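Overview (structure and organization)
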Amino acid sequence: KKLKRFSEDIIEEKDGRKRTLQETFGDMGIGWTDLCIDRLQVWADKSCLHRFDRFNNKYSPMGQNELRTIFLKTDNAMGGRYLAE
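Before going into details, it helps to say that this report is about the structure given with it. (Residues numbered from 1 in each chain as written. Predicted model: local features only at pLDDT ≥ 70, side-chain atom pairs only at ≥ 80, totals over all residues. Heavy atoms only, no water.)

1. Some thoughts on the packing of aromatic side chains
- Applying the stated criterion across every chain, the model contains two aromatic pairs.
- Taking the centre distance of 6.3 Å and the plane angle of 65° together, the rings of F25 and F71 count as edge-to-face. One end of the pair, F25, is in helix 2 (residues 21-28); the other, F71, is in helix 5 (residues 65-72), with 46 residues separating them in the sequence.
- Seen in terms of ring centroids, F71 and Y82 are 5.2 Å apart; in terms of plane orientation they differ by 15°. Their pairing is stacked. Placement of F71 in helix 5 and of Y82 in helix 6 (residues 81-84) is noted, with a sequence separation of eleven residues between them.
- Taken together, the ring pairs in this structure connect F25, F71 and Y82 into an aromatic cluster. (Phe/Tyr/Trp six-rings, centres within 6.5 Å; stacked < 30°, edge-to-face > 60°. Helix = DSSP H or I, 4+ residues; strand = E, 2+ residues; numbered from the N terminus.)

2. Brief notes about the pattern of salt bridges
- Applying the stated rule across the entire model yields eight salt bridges.
- Put simply, K14 and E12 hold a salt bridge, and the shortest N to O gap is 3.7 Å.
- Two residues, R81 and E85, come together in a salt bridge whose shortest N-O distance is 3.1 Å.
- A relative accessible area of 31% means that R81 is categorised as partly exposed.
- On the basis of relative accessibility, which here comes to 55%, the residue E85 falls in the exposed class.
- Overlapping salt bridges, with partners in common, bring together E12, K14, R19, D27 and E66 in one network. (Salt bridge = Lys/Arg side-chain N within 4 Å of Asp/Glu carboxyl O. Buried < 20%, exposed > 50% of the residue type's maximum accessible area, 1.4 Å probe, protein only.)

3. Section: the pairing of strand 2 (residues 17-20)
- Of the pairings in the sheet, the one linking strand 1 (residues 10-14) to strand 2 comprises four bridges and is antiparallel in character. Across the sheet, K14 pairs through a bridge with R17, a residue of strand 2.
- Counted between consecutive antiparallel strands, the loop separating strand 1 from strand 2 contains two residues, among which D15 sits at a positive phi close to 55°. (Pairing = 2+ DSSP bridges.)

This is a description of form; function is not addressed.
This is the structure:
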């Protein structure tokens, strides 16, 4: 829903260049029609409780750490707005 309705949100600024949500997903080759629960590939099971590296790998939507930063963290360029919403 965020990608469809708020694709022009500035989610990152690096070296003075602003990057939108749409650009980020475009660089990954993902469109809003590609998003569904089955494709997220996020799991939380016993194997990731004691090892942080396994947790990071299993808790990255679609295997993309950048998506975890955008949607599941508070210390990002947007101040965790998507997580709060």
